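# A structural walkthrough
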Amino acid sequence: MAKRRAPSEFIVERDEYKCIRCLACVRMCSYEANFYDERENMVFTDNSKCVGCHFCEAICPTDAIRVIHNPLAIKQNAHWTGEVVSDIIKQAETGGVLLASMGNDKQHFSYFDRIILNASQVTNPSIDPLREPMEIRTFIGRKPESVDLEVENGSVLLKTEITPQLKLEVPIMFSAMSYGSISLNACKSLAKAAQMMGTFFNTGEGGLHKDLRQYGANMIVQCASGRFGVDMEYLNAGAAIEIKIGQGAKPGIGGHLPGEKVTEPISETRMIPVGTDAISPAPHHDIYSIEDLRQLIYALKEATRYEKPVGVKISAVHNVAPIASGIVRAGADFVVIDGIRGGTGATPKVIRDNVGIPIELAIAVVDQRLRDEGIRHLASIVVAGGIRNSADVIKAIALGADAVYIGTAALVSLGCHLCQKCYTGKCNWGIATQDPKLVKRLNPEIGARRAANLLRAWALEIKEMLGGMGINAIESLRGNRDQLRGVGLSEYELKLLGIKPAGEAW
Amino acid sequence: MVRIDASGLHYKELNETIRKLVDEGEKEIILDNVCGQRYIGCGLRGNDIKIEIVGTPGNDLAAFMDGATIIVRSNAQDGTANTMNRGKVIIHGDSGDITGHSMRGGRIYVKGNAGYRVGIHMKSYKNNFPVVIIGGFVRDFLAEYMAGGLLIVLGLETDESGNVVGNFVGTGMHGGELYIRGTVAEHQLGKEVKIHRVTDEDSNRIIPYLSEFCDDFGFSLDEILKKEFVKLKPYTHRPYGRLYAY
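Residues numbered from 1 in each chain as written. Chains lettered and ligands numbered in written order. Predicted model: local features only at pLDDT ≥ 70, side-chain atom pairs only at ≥ 80, totals over all residues. Heavy atoms only, no water.

Before going further, it helps to examine the sheet that holds strand 12 (residues 201-202) of chain A. Residues and elements named next belong to chain A. Read from one edge to the other, the open sheet built from eight strands follows the order 11-21-20-18-17-14-13-12, with strand pairing classed as parallel. This sheet does not close on itself; its edge strands, each paired only once, are strand 11 (172-174) and strand 12. Judged from the five bridges that link them, strand 17 (residues 310-315) and strand 18 (residues 334-338) form a sheet pairing that is parallel. The partner of Lys-313 across the bridge, within strand 18, is Val-336. Against the sheet, helix 14 (residues 444-469) makes contact with strand 11 and strand 21 (403-406), and its axis sits at roughly 160° relative to strand 11, the strand it touches most. (Pairing = 2+ DSSP bridges. Helix = DSSP H or I, 4+ residues; strand = E, 2+ residues; numbered from the N terminus. Contact = heavy atoms within 4.5 Å. Axes fitted to C-alpha atoms, helices over the stretch in contact; angles between N-to-C directions.)

As structure tokens, then:
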């Protein structure tokens, strides 16, 4: 029988006239897609190996390469799309679970694009952030019911004891990406950028590399079901601890770092022998209930002497609001909610694309539930899952979030081209790889500057948008859904989001 | 040596007192009238610190502990030595579920029986080598996901149906060694483990731990060694290879 191969997704076109046969594209492609034919003195590409990362295109000194989509690889069909057919062919070949990386790329999940912001006109003056103070500093952690003050010789003293808080100069943090899922240079870039911008990065669940220790004041450490690298030194190393229950790209399932990726340095941070599978069970086996979660939250607080906020990260699922309420009541200082577009280094594609709910709805229903129950102040809400720009940030905050986590956007600032092949470990851009030759391509100093630039730019834009609404502190925007309007949404969706349709006045 | 009367104390108060004493240099603490207080010894560091518990400690005893020794004169509850890194926990009674969950080092010796999921996801790394010995029987899911270390169940007492271990023993196990004194039926095993004969080399490796266990509880090593052991090992450290399409 003639075997059907999955067609090439991309075509690498080479302008023969411009190509100087420097062979940079041949040497640099980690997927070995490009090759040189000496007899013909020609450079060719095996298109089936191209992942569309555009690295060869970027480094070609004469601009001779163009990576383009292969649109007619599979006969066009709205239901049986090229992706669907290719997936079936791959599974027929291997009999395996399809892996995917990054976040859900299906367009129909985005509510951000159908939400628009308000601005002041005539009746209330807008504020110019270039000339007037604009407050976007955010504190993550439990807030007291009320504040007791004492005035002594003209100075005001705070009498209420405030539990530990994270101070964010911009309401944007870098989400959990472990050393192992991304390279050390990528981790360093984000750690340094977090330090530069007065925000936080997150170690992910793979333990802590010794080079990242120095960024402890800007670090959140994660404690996940595998407990890899979790010891007292690790728990004390960061400014906060995050219990990871789930992530948006793989709600309800565990993680599995295959043995071949557990190299010497990875084995050191995860504290497991070289070459063994690192299995993170689907649940924490010491957490089968909210009461058990409370037990772990307080075990971590006891272990670190109540000096750090302890948060809990879950993926946004149907029951997210009552679950979040339980988490807050269990004593979490912050709740992290990761929506269906949340990214990952590797996940079964079917789960990434079909499990969970969009983050916009999750923020709205969680914020509402906590307000209705009178416990919104007991924990901060941090949201994640496909936040692409400052508009998404500000919409998330207006829907009820305190701050956001960004993963993909941060990686794009470091050079990621979203080829979604992180699971291969061959990232040409030096981000999702442990190959020393590839890792070297990412300079952590430059990476840090670029990631910090991104946050700086977003902060400026957030201030502009706030000013336009006549608001001078991000706190006044949090959960202020009057500033939002929906376009093209059903009445029920609008109700869940707690916003009015565009066109309706206050 | 300091004695603390724990009766009526909330765990937060009790543990704060213990931490304060340890910070001040106290090496030996005896807790009287303990009644369900959680997190005793949680995150405690220091190799020469000894805590003796009279009464029943609550869940997560010795969680994240890093070096101390804890002696419990009666039963312990769930989550004993959860994610423990170093140190030793000696329990003169029974221990509850997930005893030794995710522990990476140190020893837990239980004179009596233990609950479900004992030794789940234990792992070892370099000098960190966790050892759990249970004197009596254990319930289902023993050594689930076990990735490293040593687990021994002696069966000095058996459960209602005369078994030493429950069902699903070693499900997902991909590292470490598990010894059971007595027999275990094929149907009690998870699909990732196989039964092996105990070699002389194995015996030499586990006898020092057994001998320490006997010293701690006043058992006779000779008596214990009279009955044969079986060894359970994962047949692969990659139980989930060939699962994915690349």
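With mixed pairing, the three strands of this open sheet are ordered in space as 19(A)-5(A)-12(B). The sheet terminates laterally at strand 19 (347-348) of chain A together with strand 12 (244-245) of chain B, the two strands that pair on one side only. Relative to strand 19 of chain A, strand 5 (residues 97-100) of chain A runs antiparallel, the two sharing two bridges. Along strand 19 of chain A, the bridge assignment pairs Ala-100 of chain A with Thr-347 of chain A.

Let's shift gears to the pairing of strand 17 of chain A. Residue and element names in this part refer to chain A. In terms of burial, strand 17 is largely enclosed, as six of its six residues are buried. Alternating residues of strand 17 divide into Val-310, Val-312 and Ile-314 and Gly-311, Lys-313 and Ser-315, and every residue in both groups is buried. Where strand 14 (residues 240-244) and strand 17 come together, four bridges link them in parallel fashion. Across the sheet, Ile-243 pairs through a bridge with Val-312, a residue of strand 17. (Buried < 20%, exposed > 50% of the residue type's maximum accessible area, 1.4 Å probe, protein only.)

This paragraph deals with the interface of chain B and chain A. Accessible area lost upon the coming together of the parts is a frequently used measure of interface size. The interface is formed by 40 residues belonging to chain B together with 46 residues belonging to chain A. For the pair chain B and chain A, the two sides together bury roughly 3,900 Å², of which 55% comes from carbon and sulfur. Counting every contact that joins chain B to chain A gives three salt bridges. The closest approach of N and O atoms between Asp-23 of chain B and Arg-305 of chain A, which form a salt bridge, is 2.7 Å. The tally of links from chain B across to chain A stands at 14 residue pairs in polar contact (both at pLDDT 80 or more). Direction of pairing for strand 5 of chain A relative to strand 12 of chain B: parallel, over a ladder of two bridges. Paired with Val-97 of chain A across the two strands is Tyr-244 of chain B, which belongs to strand 12 of chain B. (Buried area = accessible area lost by both parts, 1.4 Å probe. Salt bridge = Lys/Arg side-chain N within 4 Å of Asp/Glu carboxyl O. Polar contact = N/O pair within 3.5 Å; in protein donor to acceptor, adjacent residues only side chain to side chain.)

Another point: the nonpolar core. Formed by 124 residues in total, the largest nonpolar core has its most connected members in Phe-174, Ile-406 and Ile-431 of chain A together with Phe-64 of chain B. Sort the elements by how many residues they give to this core and helix 14 of chain A lands first, with nine residues. The residues that make up this core include at least three from each of domain 1 (10-96) and domain 2 (168-501) of chain A. Beyond its immediate sequence surroundings of up to four residues, Phe-174 of chain A is in contact with Leu-190, Ala-193, Ala-194, Phe-200, Phe-201, Asn-202, Tyr-405, Ile-406, Ala-410, Ala-451 and Leu-455 of chain A. Formed by 50 residues, the second largest nonpolar core is a distinct cluster that contains Val-22, Val-34, Val-138 and Met-146 of chain B. (Core = buried A, V, L, I, M, F, W, Y, C linked by side-chain atoms within 4.5 Å. Domains from an automatic or database assignment.)

With that settled, consider the pattern of salt bridges. Following the criterion strictly, the structure yields 50 salt bridges over all chains and no others. Salt-bridge contacts for Asp-105 of chain A lead to Arg-352 of chain A; the nearest nitrogen and oxygen are separated by 3.5 Å. Of the two residues, Asp-105 of chain A sits in the loop between strand 5 and strand 6 (115-117) while Arg-352 of chain A sits in helix 9 (residues 349-354), which places them 247 residues apart along the sequence. Here Lys-231 of chain B and Asp-202 of chain B are joined by a salt bridge, their closest N and O atoms 3.2 Å apart.

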